[in-house]
Amino acid sequence: MPAAAPPKLVALDLDGTTLTHVGELSPHVGDAVSAVVAAGHHLTIATGRSIVATMPVVAMLGLERGFCVCSNGAVTIELDPSQPGGYVVVDTVTFDPRPVLTLLREAIPDALVAVEDLGVGFKVSAPYPDGELGGEQVVVPWEELVSAPATRVTLRRPDADAAEFMAQVEAAGLHGVAYAVGWTAWLDLNPEGVSKGSALELVRRRLHVEPGDTVAVGDQRNDVEMLQWAARGVAMGNAPDEVKAVADEVTGDVDDDGLVPVLRSLLEG
């Protein structure tokens, strides 16, 4: 009999990939995720969400073991139901937010600013719209926002469209950080060189998975490095063209359960 194929590391983005844009989990996607886990593959969440915003989705998916890459790669946790909260933090990467936030404050003075408070929520310059940040929001003075190393910083202009906001960000000339503009007027800032892809590489080594046995599925600009990292990088049908261009293949739209055929393909044979 031929030897069984080794388990794969399967990295899934959440919003716009595993979940719809309104945060719903299709039962077909949920069933496919469960089948992949039951088959022995290493299902790993890779998201821009903070830990506190990721864990409810972990519960929704019924995951008890494995890894989650949060905050676009700046924070990695290992799921462990015996631990408080159901996880343990295994890696964090921080940066000094003062220089870049000072620059962006001058370039986009009306932007909302949020600095991640690990495992709690965010310190913010002013409240974000309901549902946009997970965990607690605590309004603090500017000096407190920039006073300590951060894993992730977010800027938001609820009144602007994405194109206008992107032009403002590019005009600011950011250096020394990794950043990605979302599908709305939303900017994520992370330590330079940190991405979902860089964190997943560390997870791959922990799990002793060969590079050729990696799969990643995503839909946004913060997924580009992850799709390039994976041996099989899959862009969702709702992804921007620039994301589709770096993928090995493109599947269906999130609203059409586009993740399901990708996951089912891992069960064939």
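- Looking up the protein chain in an unreviewed UniProt entry gives the name HAD superfamily hydrolase (TIGR01484 family), with the organism given as Lapillicoccus jejuensis.

**A few points about the environment of Gly 134**
Point 1. Note that Gly 134 resides in the loop between β7 (121–124) and β8 (136–139).
Point 2. A relative accessible area of 17% means that Gly 134 is categorised as buried.
Point 3. Measuring from C-alpha to C-alpha, the distance between Gly 134 and Ser 34 comes to 25 Å, with 100 residues separating the pair along the chain.

**Section: the side chain of Thr 151**
Point 1. Here Thr 151 is to be found in the loop between α4 (142–145) and β9 (153–156).
Point 2. Residue class for Thr 151 comes out buried when judged on its relative accessible area of 7%.
Point 3. A distance of 2.6 Å separates a polar atom in the side chain of Thr 151 from a polar atom in the side chain of Glu 116.
Point 4. Once residues lying within four places of it in the same chain are set aside, the contact partners of Thr 151 are Ala 74, Val 75, Thr 92, Val 93, Thr 94, Phe 95, Glu 116, Leu 118, Leu 189, Asn 190 and Pro 191.

**Some thoughts on helix α1 (residues 27–38)**
Point 1. With 12 residues, α1 should cover 16 Å at 1.5 Å per step; its first-to-last C-alpha distance of 16 Å lies within 8% of that length.
Point 2. When α1 is considered as a whole, its buried residues turn out to be Val 29, Gly 30, Ala 32, Val 33 and Val 36. Along α1, the residues classed as buried sweep out an arc of 165 degrees about the axis, all on the same side. Exposed side chains of α1 directed beyond 90 degrees from the buried face belong to Pro 27 and Ala 38.
Point 3. On its buried face, α1 is in contact with β1 (9–12), β2 (42–46), α2 (51–61) and α9 (259–265).

**Some points on the pattern of salt bridges**
Point 1. Enumeration over the complete set of coordinates arrives at 16 salt bridges.
Point 2. Of the charged contacts, one joins Asp 13 and Lys 196 as a salt bridge, the two residues approaching to 3.0 Å between their closest N and O atoms. Taken together, the residues span a long stretch of sequence, with Asp 13 in the loop between β1 and α1 and Lys 196 in helix α6 (residues 196–207) at a distance of 183 residues. Of the two residues examined, Asp 13 and Lys 196, each falls in the buried class.
Point 3. With its nearest N and O atoms 3.5 Å apart, the salt bridge here joins Asp 159 to Arg 157.

**Observations regarding α2**
Point 1. Those residues of α2 not exposed but buried are Ile 51, Ala 53, Thr 54, Met 55, Val 57, Val 58 and Leu 61.
Point 2. Here the buried face of α2 lies against α1, β2, β3 (66–70), β4 (75–79), β5 (87–92) and β6 (112–117).
Point 3. Taken from the residues just after α2, Gly 62 is the one with a positive phi, measuring 75 degrees.

**Structural notes on unusual backbone geometry**
Point 1. For Ser 71, which is not a glycine, the phi torsion comes out positive at approximately 55 degrees.
Point 2. Tracing the sequence through the fold places Ser 71 in the loop between β3 and β4.
Point 3. With a relative accessible area of 0%, Ser 71 lands in the buried category.
Point 4. The residue Asn 72 is not glycine, and still its phi comes out positive at about 60 degrees.
Point 5. Residue position: Asn 72 is located in the loop between β3 and β4.

**Remarks on the domain arrangement of the protein chain**
Point 1. Along its sequence, the protein chain is carved into domain 1 (9–92 + 194–266) and domain 2 (97–189).
Point 2. For domain 1 and domain 2, the distance between their C-alpha centroids amounts to 24 Å.
Point 3. Across the boundary between the two partners, domain 1 contributes 17 residues, which contact 17 residues of domain 2.
Point 4. Overall, the association of domain 1 and domain 2 removes approximately 1,200 Å² of surface from exposure, summing both partners, and the carbon and sulfur fraction of that is 62%.
Point 5. In this structure, the connection of domain 1 to domain 2 is made through 0 salt bridges.
Point 6. Taken together, domain 1 and domain 2 are joined by 3 residue pairs in polar contact (both at pLDDT 80 or more).
Point 7. Of all elements in the fold, only α2 and β5 reach the threshold of two or more residues within the side of domain 1 that touches domain 2.
Point 8. The residue makeup of the side of domain 1 that touches domain 2, split by class, is 7 nonpolar, 8 polar and 2 charged.

**Considerations on the packing of aromatic side chains**
Point 1. On inspection of all chains with the given rule, the structure shows 1 aromatic pair.
Point 2. Ring geometry for Tyr 128 versus Trp 186: centroids 6.0 Å apart, planes at 80 degrees, classification edge-to-face. Note that Tyr 128 is positioned in the loop between β7 and β8 and Trp 186 in strand β11 (residues 186–191), a separation of 58 residues in sequence. Residues Tyr 128 and Trp 186 agree in their burial class; the two are buried.
Point 3. Lying over the aromatic face of Trp 142, Arg 105 brings its terminal NZ or CZ to 4.2 Å of the ring centre.

Cut-off values and rules
Residues numbered from 1 in each chain as written. Predicted model: local features only at pLDDT ≥ 70, side-chain atom pairs only at ≥ 80, totals over all residues. Heavy atoms only, no water. Helix = DSSP H or I, 4+ residues; strand = E, 2+ residues; numbered from the N terminus. Buried < 20%, exposed > 50% of the residue type's maximum accessible area, 1.4 Å probe, protein only. Polar contact = N/O pair within 3.5 Å; in protein donor to acceptor, adjacent residues only side chain to side chain. Contact = heavy atoms within 4.5 Å. Expected span 1.5 Å × (residues − 1). Arc of directions from axis to C-beta. Salt bridge = Lys/Arg side-chain N within 4 Å of Asp/Glu carboxyl O. Domains from an automatic or database assignment. Buried area = accessible area lost by both parts, 1.4 Å probe. Nonpolar A, V, L, I, M, F, W, Y, C, P; charged D, E, K, R; others polar. Phe/Tyr/Trp six-rings, centres within 6.5 Å; stacked < 30°, edge-to-face > 60°. Lys NZ or Arg CZ within 6 Å of the ring centre and 35° of its normal.

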